[in-house]
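Observations on chain architecture
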Amino acid sequence: MRDALLIARKDLLAEYRKKESIVSMVFFGFLLLVMLNIAVGVGRELDGEMAAGILWVSIIFSAVLGLGRVLSKEKENRCIDALLLSPVEPEQIYAAKTMVNFIFMAVAEAVLIPAFFVLYGDRFARQVPMLVVVVLLVNIGFSTVGTLFSAITAGTRRNEVLLPLLLFPVITPLMALAVKVTGGLFEDLPYREYSSWLYVIAAFGLIFSGVGYLLFEFVIKEG
Amino acid sequence: MDNGFKDRALPVVVGLLFLSALYAIFFYAPTERVMGIVQKVFYVHLSMAFTAFLSFFIAFVSGILYLTRKDIKWDVYGSSSVEIGVVFISLTLLSGMLWARPIWNTWWTWDPRLTTALILWFIYVSYLILRTSVEQEERRAAYCAVLAIAGFVDVPIVFMSARIWRTIHPVVIRSDSIDIEPSMILTLMITLTAFLSLWFLLFKLKTSVALTCKRIRFLENKIEGGD
C-alpha cells in the first residue's frame, strides 16, 4: 500500500504543479453544463431525474478527459517500464492510478456540482450530504473500470478516441443508477425509495475493483 | 484432408436442421390465439438470444484461459465467438423489434431484457473495434481477453440496474415451469438445435480460417528469415 501511496503522491504533485488535467476537466464539464442547458431549452423547468441526467453526462464526459491522461502520461518517455522494473507490484500501480483518477474526479465535481446548482437552480440542492455519498460511490465505480480500460487504450494506436468507446458501454448501467438515485435526491425522496439502487452502485465499485485488481497486471505488462 | 467428409457433411446437417425447424415453426406448432402469426418469431428470437449469450460466455472463458495459459488459440476462439455473438445479438434485437411493433405498438422500449441486450451489443461491438486498433498479436490478445472478461462480468450488473425500468417482456421460461404448449416446446427445441449447430459450423469455419492465417504468416516469416 505504501508504494501505491507514493506513486499517487507523485502524480498528484505533478498535477498540482502543472494543473493540466483538472483545468481541462473542469472547463469541459462546465462547457457541457451550459451546452446541455441550451439543448433542453433555456429557462425550462426540469424535473429531478432530467437534471440528474444532465449533471452526470457532464461529469462523466469531463472525467474521461482526465482518465486518458493518467496512464498515457507514464507511456511518454517510457516511465511505465521503469515502474515495472522497480520492485513495485502491478496491483500497487493499479491502486495508485485508481486513487489518482478518483481524486481528479472528486476535485472536478467539487467545482461542477456547485456550478450545476447555479445554472439549474438551487431547488435541487436538497439532501446534499447524501449527494456527496452517491457521488463518491459512483467515482469509485468509474475510476476502477476507467483505470483498467485506460491502461488498455494507452497501449493502442488510438488512445484518446478509443477510451470512451470501450468505457461507456460498460459504465452505462452505473450511469443509469447514478441518474436514478441523484434524481431521487433532487426530488427529496426518502432514503428507502432509492436505497436498493445505492447498493447496486456500491456493488459495481466493489466488483470492478476486484476485476481491475486481478486483470490490470496482464494489461500493463503488454504495454 | 481426412476430415474432408466431415467438413462437407456439417453444412448439410445444419441445412437439414434448419429445414425441419422451419417446418416445425410453420406447420407443426399451433398458431398462437392472441398474437397470431407474429408469435412465430419467438422460436427464432429466443434461439438466437441464447446462442449470443453462449458466444459471450465462451469468449469470457477463452479470455480467462488465454490470460492463464498464454496460448494464442484461446484468443482465436474468443474473438471468433464474439464475432458470431455480435451477429446473433443484432439479429435478436431486430427480430424482437419486428415482434414488438405489432404486439407492444412500439419498436423499442426500455425494458430490462431489451436494455441488457442493447448494452451487450455495445460492449461486444467495442470489443471488435478494439481488435482493429492493436497491431501486435499478443498485446491484442491480452487486451481483448481483459475486455471480454470485464464485459461479461458487467452483464448481471446491467440486468440488475435495468430493473429501474418496468418490465413488459413476456417471461416464458421460469425456473419451475414453461408457460407454453408441448408442441411449441418441441418446436423451440428443434430451432435451438438448428441455431446451435449453425453456431458450431460458423465457429469451426472462423477458427480454422484464423488458425490457417497464423500458420501461413508463421511459414512466411520462416522463409524470409531462412535466406
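Residues numbered from 1 in each chain as written. Chains lettered and ligands numbered in written order. Predicted model: local features only at pLDDT ≥ 70, side-chain atom pairs only at ≥ 80, totals over all residues.

Some details on the overall build of chain A
Heads up, the rule is: Under the scheme used here, helices are H or I runs from DSSP no shorter than 4 residues and strands are E runs no shorter than 2 residues, and both carry numbers assigned from the N terminus. Our radius of gyration looks at C-alpha atoms and nothing else; its globule reference is 2.2 Å times the residue count to the power 0.38. Using C-beta atoms placed from the backbone, we call a residue buried if 20 or more other C-beta atoms fall within 10 Å of its own, exposed if 12 or fewer do, and partly exposed for counts in between. The contact criterion used is a C-beta to C-beta distance within 7 Å, with each C-beta placed from the backbone.
A tally of helices and strands in chain A yields 8 helices and 0 strands. When the helices and strands of chain A are placed in sequence order, the string is α-α-α-α-α-α-α-α. Over its C-alpha trace chain A gives a radius of gyration of 18 Å, about what one expects of a compact globule, namely 17 Å for 223 residues. Taking the principal axes of the C-alpha coordinates as reference, chain A spans close to 55 × 35 × 30 Å. Scored against the burial criterion, the 223 residues of chain A give a buried share of 48%. Counting only contacts in chain A whose residues sit at least 6 apart along the sequence, the fraction spanning at least 24 positions is 85%.

A closer look at the interface of chain A and chain B
Threshold: Here the nonpolar group is Ala, Val, Leu, Ile, Met, Phe, Trp, Tyr, Cys and Pro; Asp, Glu, Lys and Arg are the charged ones; every other residue, Gly included, is treated as polar.
Contacts between chain A and chain B engage 24 residues on the former and 25 residues on the latter. For the side of chain A that touches chain B, the element with the most residues is helix H7 (residues 159–186) of chain A, which contributes 10 residues. Partitioned by chemical class, the residues of the side of chain A that touches chain B number 17 nonpolar, 3 polar and 4 charged.

Structural notes on the nonpolar core
Under the convention used in this document: Think of a nonpolar core as buried Ala, Val, Leu, Ile, Met, Phe, Trp, Tyr and Cys residues chained together by C-beta atoms that fall within 7 Å.
Membership of the largest hydrophobic core comes to 127 residues, with the highest contact counts inside it found for Ile201 and Val219 of chain A together with Val146, Leu147 and Ala148 of chain B. Ranked by the residues each element gives to this core, the list is headed by H7 of chain A, at 14 residues. Excluding its chain neighbours within four sequence positions, the residues that come into contact with Val219 of chain A are Leu148, Ala151 and Ile152 of chain A together with Ala142, Tyr143 and Val146 of chain B.

A closer look at the packing of helix H2 (residues 41–69) of chain B against helix H3 (residues 72–104) of chain B
All names here are of chain B. How we decide: Axes here refer to lines fitted to C-alpha atoms; in helices the fit is confined to the stretch in contact. Angles between the N-to-C directions go from 0 to 180 degrees. To sort the angles, those under 35 degrees are grouped as roughly parallel, those over 145 as roughly antiparallel, those from 65 to 115 as roughly perpendicular, and the leftovers as oblique. Here a crossing is called left-handed whenever its near helix is offset anticlockwise from the far helix by less than a right angle, and right-handed whenever the offset is clockwise.
Direction vectors running N to C along H2 and H3 enclose 155°, while the axes themselves pass 7 Å from each other. As summarised for this structure, H2 and H3 are arranged roughly antiparallel, according to the angle between their axes. Remark: the crossing between H2 and H3 carries left-handed chirality. Looking at side-chain class alone, the contact of H2 with H3 contains 19 nonpolar, 11 polar and 2 charged residues.

Any functional reading would require information that these geometric values do not contain.
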